[in-house]
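In case you want the letters, here they are:
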Amino acid sequence: MRAVTGDHVDAEPPPRPEEPRRGTVVVKFGGNAMVDADLQRSFAQDVVELWRAGLRPVVVHGGGPQISAMLDRLGLETRFEAGLRVTTAETMDVVRMVLSGGVQRELVGHINAHGPFAVGVTGEDAHTMTAVRRQAWVDGRPVDIGLVGDIVDVNPGMVRTLLEQGHIPVVSPVARGEEGEVYNVNADLAASALAVALGAERLVVLTDVEGLYANWPHSTEVIERLTAAALDELLPGLTSGMLPKMEGCLRAVRGGVRSAHVLDGRVPHAVLRGVLDESGPGTTVVPDTSPAHDLNPV
């Protein structure tokens, strides 16, 4: 398996397993893979291969680089606190436009190059995701980050119907408030909440590093596996970029998802290797009370 070198990626995916798999897998798509055309295509191929292997993939995508680029073009400020984008009403308009009108359509197109699989939706559609304003904390003090939401309810009916009809839902992480307001939701946390609501077997989170480092920045040793309790202890000391990803993993396994995986999205076909043959490098989070399970039905 080769990593990305320049504009080239290894276009050969691993072989599909002979025995069909079952279960729902929620994949959060983000990082460098979102802005590299070759990696976008290999990711889309992976998702379709999961579907062909008998799994039911759901994609939740981010769009941070694209949102920042559009804000820069419009002369609007980009600012982050506690790893989350500060979102004004003006910024929220850009977030909705970029996520559901740009990033989602491009990803749906890549997947549908392989057949009529993908359907794009947002957390607003059919009240799939409901959120409240999220409070951020920096150095022990609260910070107002605007229209950033924390999901408090997920109605998975529409997504489940799409899965039952053989489609691959591609979900933009925008949620409605209880009074009709619209919130920007971190894609890692949106994927986690949706995985719990769907009773998914796995949550997979793509990032731009090899996994969760044991002692960053002093070491690049990757923690291959840890329990929810162990992750809970590590969470306060994580860097802002990794914090929402690992928080999402923690919420998922504590909400009933059998395992959560952080994989290096810079590696071609990381999703396929990580899910189907479990050979991909990264970090796996499992519940405290039970070992990791495979995706075969019990």
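Because the structure is predicted, anything quoted here is derived from the model rather than measured. (Residues numbered from 1 in each chain as written. Predicted model: local features only at pLDDT ≥ 70, side-chain atom pairs only at ≥ 80, totals over all residues. Heavy atoms only, no water.)

With that settled, the discussion passes to the environment of L189. Tracing the backbone through its elements, the reader meets L189 in helix α5 (residues 187-198). With a relative accessible area of 5%, L189 lands in the buried category. Beyond its immediate stretch of four places on either side in the chain, L189 contacts R134, I151, P244, E247, G248 and R251. (Helix = DSSP H or I, 4+ residues; strand = E, 2+ residues; numbered from the N terminus. Buried < 20%, exposed > 50% of the residue type's maximum accessible area, 1.4 Å probe, protein only. Contact = heavy atoms within 4.5 Å.)

Right, let's talk about the pairing of strand β13 (residues 202-207) for a bit. Of all six residues making up β13, six are buried, and the element is well covered by its neighbours. Of the two faces of β13, both are covered, the one formed by R202, V204 and L206 as well as the one formed by L203, V205 and T207. By the bridge criterion, four bridges tie strand β1 (residues 24-29) to β13 in an arrangement that is parallel. Across the sheet, residue K28 finds its bridge partner in β13, namely V205. Summarising the sheet, β13 and strand β15 (residues 259-264) pair through six bridges and their orientation is parallel. When the sheet's bridge partners are listed, V204 is paired in β15 with H261. (Pairing = 2+ DSSP bridges.)

So, on to the side chain of S192. Tracing the sequence through the fold places S192 in helix α5. A distance of 3.3 Å separates a polar side-chain atom of S192 from the backbone nitrogen of A252. Beyond its immediate stretch of four places on either side in the chain, S192 contacts L203, G248, R251 and A252. (Polar contact = N/O pair within 3.5 Å; in protein donor to acceptor, adjacent residues only side chain to side chain.)

Further remarks concern helix α1 (residues 37-52). Between its first and last C-alpha atoms α1 spans 23 Å; for 16 residues at 1.5 Å apiece the expected length is 22 Å, and the two agree. Among all positions in α1, only L39, Q40, S42, F43, A44, D46, V47, V48, E49 and L50 are buried. Capping the start of α1, D36 holds a side-chain oxygen 3.0 Å from the backbone nitrogen of D38, two or three residues further along. Backbone geometry just downstream of α1 places G54 in the positive-phi region, at approximately 105°. (Expected span 1.5 Å × (residues − 1).)

It is worth spelling out the packing of aromatic side chains at this point. Taken as a whole, this structure holds two aromatic pairs when the rule is applied. Pairing W51 with F117 gives two aromatic rings, centres 4.6 Å apart and planes at 55°, and the pair type is tilted. Of the two residues, W51 sits in helix α1 while F117 sits in the loop between α3 (89-112) and β5 (118-122), which places them 66 residues apart along the sequence. (Phe/Tyr/Trp six-rings, centres within 6.5 Å; stacked < 30°, edge-to-face > 60°.)

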